[in-house]
Amino acid sequence: MSNAASPRLYLDELHVGQQFKSATHTIDEAQIKAFAAQFDPQPFHTDEEAARDTFFKGLAASGWHTAAITMRLNVESGLPLAGGIIGAGGEINWPAPTRPGDTLHVESEVIEITPSRSKPDRGIAAIVSRTVNQRDEVVQILKAKLVVLRKAAN
């Protein structure tokens, strides 16, 4: 699913409590191992047998892989922000592991809006994005401050 046809929202069109839900992505063992081999080569991400004797008790995706999937889902179908999704800081937590076969989607909510006093063409929107699997388990919580453009003055 793509956001290409969705109208892009400016800071002035957002409101606290506004929610967005993305399409889904199913992650498999091959994706987990390929990402980990390149970016997070730890045994609980690369080897299902070795992973059984670790903290995760089985193969788990890297938290950074979950974050990358979250970003793609938000870009393609979750947060239709004018000018793109531009980070200005945040906090990330992984309360549960992402496993092979999980189907993920992202539920995002606007929690704060702050127009810039020095740059009238933009502001900051604080967004909480929860990445959820098919069992309704939250596998990632991202609290992000995003730069969002304002509509040009007429």
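Quick note: structure is the one above.
Residues numbered from 1 in each chain as written. Predicted model: local features only at pLDDT ≥ 70, side-chain atom pairs only at ≥ 80, totals over all residues. Heavy atoms only, no water.

## Some thoughts on the pattern of salt bridges
Point 1. Tallying each qualifying case throughout the model produces eight salt bridges.
Point 2. Its salt-bridge partner being E29, residue K33 comes within 2.9 Å of it at the nearest N-O pair. One end of the pair, K33, and the other, E29, are both in helix α1 (residues 29–39), four residues apart, so they sit about a helical turn from each other.
Point 3. When its relative accessible area of 23% is taken as the criterion, K33 is described as partly exposed.
Point 4. R135 serves as the salt-bridge partner of D102, at 3.2 Å between the closest nitrogen and oxygen. Here D102 is found in the loop between β2 (86–93) and β3 (103–115), whereas its partner R135 is found in the loop between β4 (122–132) and β5 (138–149), with 33 residues between them in sequence.
Point 5. Through salt bridges with shared partners, one network takes in E29, K33 and E48. (Salt bridge = Lys/Arg side-chain N within 4 Å of Asp/Glu carboxyl O. Helix = DSSP H or I, 4+ residues; strand = E, 2+ residues; numbered from the N terminus. Buried < 20%, exposed > 50% of the residue type's maximum accessible area, 1.4 Å probe, protein only.)

## A word on α1
Point 1. Listed in full, the buried residues belonging to α1 are I32, F35 and A36. For α1, the arc enclosing every buried residue in end-on projection is 95°, short of the 170-degree limit, so these residues lie on one face. For α1, the exposed residues lying more than 90 degrees away from the buried face are A30, A37 and Q38.
Point 2. On its buried face, α1 sits against α2 (43–46) and α4 (63–78).
Point 3. With a side-chain oxygen positioned 3.2 Å from the backbone nitrogen of A30, the residue opening α1 is D28. (Arc of directions from axis to C-beta. Contact = heavy atoms within 4.5 Å. Polar contact = N/O pair within 3.5 Å; in protein donor to acceptor, adjacent residues only side chain to side chain.)

## Considerations on the environment of R52
Point 1. Position of R52 among the secondary structure elements: in the loop between α3 (48–51) and α4.
Point 2. In this structure, the C-alpha to C-alpha distance between R52 and L81, residues 29 residues apart in sequence, is 41 Å.

## Description of α4
Point 1. The end-to-end C-alpha distance of α4 is 19 Å, clearly below the 22 Å that 16 residues give at a rise of 1.5 Å each.
Point 2. Among the residues of α4, G63, H65, T66, A67, I69, T70, L73, N74, S77 and G78 are the ones counted as buried.
Point 3. Tucked inside the fold, the buried residues of α4 contact β1 (19–26), α1, β2, β3, β4 and β5. (Expected span 1.5 Å × (residues − 1).)

## A look at unusual backbone geometry
Excluding glycine, residues mostly carry a negative phi; peptide bonds, for their part, are mostly trans.
Point 1. The phi dihedral of K57 is positive, around 55°, even though this residue is not glycine.
Point 2. Checked against the element boundaries, K57 lands in the loop between α3 and α4.
Point 3. Phi is positive for D136, close to 65°, though the residue is something other than glycine.
Point 4. Structurally, the position occupied by D136 is in the loop between β4 and β5.

## Notes on the packing of α1 against α4
Point 1. At a minimum axis distance of 10 Å, the contact between α1 and α4 shows a crossing angle of 110°. As far as their axial angle goes, α4 and α1 are roughly perpendicular. For the element pair α1 and α4, the recorded crossing hand is right-handed. On α4, the residues touching Q31, I32 and F35 of α1 are W64, H65 and A68.
Point 2. Its residues placed into classes, the contact of α1 with α4 shows four nonpolar, two polar and no charged. (Axes fitted to C-alpha atoms, helices over the stretch in contact; angles between N-to-C directions. Parallel < 35°, antiparallel > 145°, perpendicular 65-115°, else oblique. Left-handed = near helix turned anticlockwise from the far one by under 90°. Nonpolar A, V, L, I, M, F, W, Y, C, P; charged D, E, K, R; others polar.)

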